[in-house]
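# A structural walkthrough
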Amino acid sequence: MMISSAASLLRRGAARRAIQSTGAVSATSTTKKASVQHSFFRSMNSASTIVEDDDSDYGFGKSVPDNKIPEEFIEEGEETIGEWTGCTRKFLAPLSVSQSGSEILNNPLFNKFTAFKSGERDRLHFRGLLPPRRVNMKIQKERVLQEIRAEPSMIRKHIILEDVHDRNETLYHRILVDHMVEMAPIIYTPTVGQACKEFAMRYRRPRGMYFCEEDRGHMAAMVYNWPEKDVHVIVVTDGSRILGLGDLGANGMGIPIGKLSLYCAAGGIAPHRVLPVVIDVGTDNEELLNDKFYLGVQKPRLQGSKYYHLVDEFIQAVRHRWPNVLIQFEDFSSDKAQKLLNKYRDDILCF
């Protein structure tokens with residue numbers, strides 16, 4: 001199988017899968033639902049065309065040399081004029097969403113800001129809710145990159161990028177996919193440690209889920225509060241050993257968020273299929289226990305059976321709703337981590 005040159009920085013076409021998972025929005029007349037179609041996905045010129053596999057020559061899954069295909073069918077390139085500039089008009093399967101109008105503009109998973117084309121603005125009922133000029137993802141990306149590169153502070157760069165994450169995930173993942181080497185140190189180590197320490201002070205928008213002792217007995221129901229039905233990967237922490245910083249409690253949410261951002265951009269996982277989680281069992285950090293701005297449980301950490309029963313209910317709850325979900329235990333203290341792995345590694349998909 002030939003891999004597009006545009007995706008050469010990401011193995012096995014991860015760039016294409018990541019971008020396809022975050023794209024443009026349209027509406028269907030029969031269901032009156034909006035759909036997300038990836039209009040900013042760029043045409044990737046390759047040396048061959050891929051079809052699916054069978055036992056015949058040039059069958060499914062085999063590469064068909066260009067000289068075997070009529071010239072008219074060779075993959076079209078990007079448009080160079082008008083509102084489609086930088087985009088391709090070829091078919092891309094849409095994602096169905098049940099929102100329209102300002103709901104989409106306020107949902108970072110589907111919002112593309114000024115990149116919505118005229119047809120989308122009509123179908124999705126927000127003509128007049130955006131400035132009239134259509135500015136595509138390429139131009140939006142250049143504006144954000146200019147702001148990031150002009151900022152000398154790494155934590156400020158992180159804040160700028162997370163602000164994009166909170167309002168326009170299409171643009172956010174476009175930036176990560178195209179500039180992974182530059183952006184990885186900003187969204188994850190080493191910058192994410194400082195971001196976790198400041199998590200409560202810069203908290204702007206809910207992201208992920210939190211489970212604590214008060215939720216015992218309710219977790220089977222509360223997992224259905226998460227709006228996405230098809231979660232594939234959960235990264236969960238109890239905040240007990242965040243990088244080299246120790247116990248940061250609920251402030252440790254920055255770790256699952258950052259790690260899953262990398263998984264989406266570099267691993268090709270659709271952003272709506274990941275879930276960052278904090279199991280908040282309290283904290284033994286005296287500074288956090290006395291911090292009036294701290295957002296987590298201000299009690300000493302649970303220990304013994306109470307701790308493990310809480311974690312077990314969480315595991316059972318998420319697996320009940322998403323039976324095939326992968327669970328990654330991240331930054332648990334060593335005295336808990338090995339016991340958890342020993343308990344679950346042979347029965348569920350986890351590490």
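So, here's what we can say about the structure. (Residues numbered from 1 in each chain as written. Predicted model: local features only at pLDDT ≥ 70, side-chain atom pairs only at ≥ 80, totals over all residues. Heavy atoms only, no water.)

### A word on the overall build of the protein
Across its full length, the protein carries 13 helices and 9 strands. For the protein, the proportion of its 351 residues judged to be buried stands at 50%. For the protein, restricting intrachain contacts to residue pairs at least 6 apart in sequence, the fraction spanning at least 24 positions comes to 65%. (Helix = DSSP H or I, 4+ residues; strand = E, 2+ residues; numbered from the N terminus. Buried < 20%, exposed > 50% of the residue type's maximum accessible area, 1.4 Å probe, protein only. Contact = heavy atoms within 4.5 Å.)

### Things to note about the sheet that holds strand β8 (residues 274-280)
With respect to topology, 4 strands assemble into an open sheet ordered β6-β8-β7-β9, the strand pairing being parallel. The outermost strands of the open sheet, each flanked by one partner alone, are β6 (209-212) and β9 (326-329). On average, each strand axis in the sheet is inclined to that of its neighbour by 25°, with strand direction left out of account. Pairing analysis gives 5 bridges linking strand β7 (residues 233-237) to β8, with the strands arranged parallel. Paired with Val-233 across the two strands is Val-274, which belongs to β8. (Pairing = 2+ DSSP bridges. Axes fitted to C-alpha atoms, helices over the stretch in contact; angles between N-to-C directions.)

### Quick notes on the pairing of β8
Along β8, 7 of the 7 residues are buried, which leaves the element largely enclosed by surrounding structure. Here β6 pairs with β8 via 4 bridges, running parallel. Pairing of Met-209 across the sheet is with Val-277, part of β8. For the segment spanning β7, helix α10 (residues 254-267) and β8, crossover handedness is right-handed. (Right-handed = clockwise from strand over helix to strand, strands pointing away.)

### Description of unusual backbone geometry
Here the amide bond leading from Thr-189 into Pro-190 is cis, since omega sits at 5°, within 30 degrees of zero. Note that Pro-190 resides in the loop between α7 (180-187) and α8 (191-197). Positive phi, normally seen in glycine, also occurs at Phe-113, with a value near 60°. Looking at the secondary structure, you find Phe-113 in the loop between α2 (102-105) and α3 (118-123). Judged by its relative accessible area of 32%, Phe-113 falls in the partly exposed class.

### Considerations on the nonpolar core
In terms of nonpolar packing, the biggest core is built from 30 residues, with Ile-234, Val-236, Val-277, Phe-314, Ile-327 and Phe-329 touching the most fellow members. Looking at this core element by element, the count peaks at 7 residues for helix α12 (residues 304-321). Not counting the four nearest positions on each side in its chain, Ile-327 is found in contact with Ile-234, Val-236, Ile-315, Val-318, Arg-319, Ile-348, Leu-349, Cys-350 and Phe-351. In this structure, Met-137, Val-192, Ile-242 and Leu-248 belong to the second largest nonpolar core, which totals 25 residues. (Core = buried A, V, L, I, M, F, W, Y, C linked by side-chain atoms within 4.5 Å.)

### Regarding a nonpolar patch on the surface
Taken together, the side chains of Tyr-203, Tyr-210 and Leu-295 present a nonpolar region at the surface, about 270 Å² in accessible area. For Tyr-203, the location among the structural elements is in the loop between α8 and β6. (Patch = residues over 30% accessible without salt bridge, like charges linked within 9 Å, V, L, I, M, F, W, Y side chains within 5 Å. Areas by Shrake-Rupley, 256 points an atom, 1.4 Å probe, with all protein chains shown as cover. Salt bridge = Lys/Arg side-chain N within 4 Å of Asp/Glu carboxyl O.)

### Some remarks on the side chain of Thr-237
By the element assignment, Thr-237 lies in strand β7. Within polar-contact distance, the side chain of Thr-237 engages the backbone oxygen of Glu-330 at 2.7 Å. When sequence neighbours within four positions are dropped, the list of residues in contact with Thr-237 reads Ile-242, Gly-252, Pro-256, Val-277, Val-278, Ile-279, Glu-330, Asp-331 and Phe-332. (Polar contact = N/O pair within 3.5 Å; in protein donor to acceptor, adjacent residues only side chain to side chain.)

### Considerations on the pairing of β7
Across the 5 residues that make up β7, a large majority, 5, are buried. Burial of β7 is two-sided: the residues Val-233, Val-235 and Thr-237 facing one way and the residues Ile-234 and Val-236 facing the other way are all buried. As judged from the 4 bridges shared by β7 and β9, these two strands associate in the parallel manner. For Val-235, the partnering residue across the bridge sits in β9 and is Gln-328.

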